[in-house]
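Chain by chain, the residues:
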Amino acid sequence: MNKNRMPVVFSGHGSPMLALEHSSETETLRKVGDTMIEQFGKPEAILSISAHWYTDGTFVQSAPEPEQIYDMYGFPDELYDFKYPAKGSAELTAAVKELLGNKVSINDEWGIDHGTWTVLCHMFPEADIPVVQLSVSKKATPAQCVEIGKALAPLRDRGFLIFASGNVVHNLGRVEWDNPGGSPMTETFNADITDAIVSGRIEEVINYSKHAYAYYAVPTPEHFLPLLYILGAAGDDRPTVFNNVCNLGAIAMTGYAFGLQEK
């Protein structure tokens, strides 16, 4: 473990109601955050790559107080009243621009969406760590997402946490509301991707579309691609796997923390 180098984390987020839940999954998120601070100290700021900011190109935020985005409909009022008032970070924004150059542009039309705040509210509940979102580019191939992650890796040496949120399996069209677990296709795809990541077979993850169940597990790429940014930033670090569970038939909540010493 390199105490001078922040880990990188990918987390599944599932339903926005995660923010209000108290479960084994949310307790694990809290433990991941606590362990990170114990081993590395509090991050200077968090670069969050959320499935819900899916754009034509790569953008980064610069707002000193980014808006909290409630990008979901039909949920209880309590969820829309929930606040995660994280500040932005001019230092982190400038560092991203320095590393990505003309491949990234400033865009403050968005904010911190539920892919970010429903997870971070459990990992770092005080909301006292600045957060900057980086968009997921529709134009980037899976291999290019990995390359962007590699380019961002030096942020780790400056005390910044690179965090991404999505789902290994995310198919709202095949959700089974009465199924507390995963369908056989969800369980198989999630297990195969996790095994490839743990074993360092990153090419299999990059080429996920060749998997027999990719059409079911990843009908659209925006929830899967954030994982590839993290794999690029992780380098040779091996992951601690957490919340390795599937629910609603077609959702995988699996997360990976690279560079964190397992307790």
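Residues numbered from 1 in each chain as written. Predicted model: local features only at pLDDT ≥ 70, side-chain atom pairs only at ≥ 80, totals over all residues. Heavy atoms only, no water.

Colleague: Go over helix H6 (residues 184-198), please, and point to the residues and values.
Modeller: Structural remark: α-helix, 3.6 residues per turn; residues separated by three or four positions point the same way. Over its 15 residues, H6 runs 21 Å from end to end, which matches the ideal 21 Å to within 8%, given 1.5 Å per residue. Residues of H6 that are buried: Met185, Thr186, Phe189, Asn190, Ile193, Thr194, Ala196 and Ile197. Along the axis of H6, the buried residues cluster in a sector spanning 160 degrees; they form a single face. With its phi angle positive at about 80 degrees, Gly200 sits one or two positions after the end of H6. (Helix = DSSP H or I, 4+ residues; strand = E, 2+ residues; numbered from the N terminus. Expected span 1.5 Å × (residues − 1). Buried < 20%, exposed > 50% of the residue type's maximum accessible area, 1.4 Å probe, protein only. Arc of directions from axis to C-beta.)

Colleague: Describe helix H1 (residues 24-40), naming the residues involved and giving the relevant values.
Modeller: In this model, H1 (17 residues) spans 24 Å end to end at C-alpha, consistent with the 24 Å of a helix rising 1.5 Å per residue. Every buried residue of H1 is accounted for by Thr26, Leu29, Val32, Gly33, Thr35, Met36, Gln39 and Phe40. On its buried face, H1 sits against strand S1 (8-12), helix H4 (114-123), strand S6 (160-166) and strand S7 (239-242). A positive backbone phi angle near 85 degrees is found at Gly41, which sits one or two residues after H1. (Contact = heavy atoms within 4.5 Å.)

Colleague: If you had to explain the packing of aromatic side chains to someone new, which residues and values would you point to?
Modeller: With the rule as written, the count across this model stands at six aromatic pairs. Following the ring pairs from residue to residue traces out a cluster consisting of Tyr70, Tyr80, Phe82 and Trp117. (Phe/Tyr/Trp six-rings, centres within 6.5 Å; stacked < 30°, edge-to-face > 60°.)

Colleague: So what's going on with the environment of Ala19? Residues and values would help.
Modeller: Here Ala19 lies in the loop between S1 and H1. Relative accessible area serves as the criterion here: at 6%, Ala19 is assigned to the buried category. Along the sequence, Ala19 and Lys83 sit 64 residues apart, while their C-alpha atoms lie 9.9 Å from each other. Contacts of Ala19, omitting those with residues within four sequence positions, involve Leu79, Phe82, Trp117, Thr118, Cys121 and His122.

Keep in mind these values describe shape, not function.
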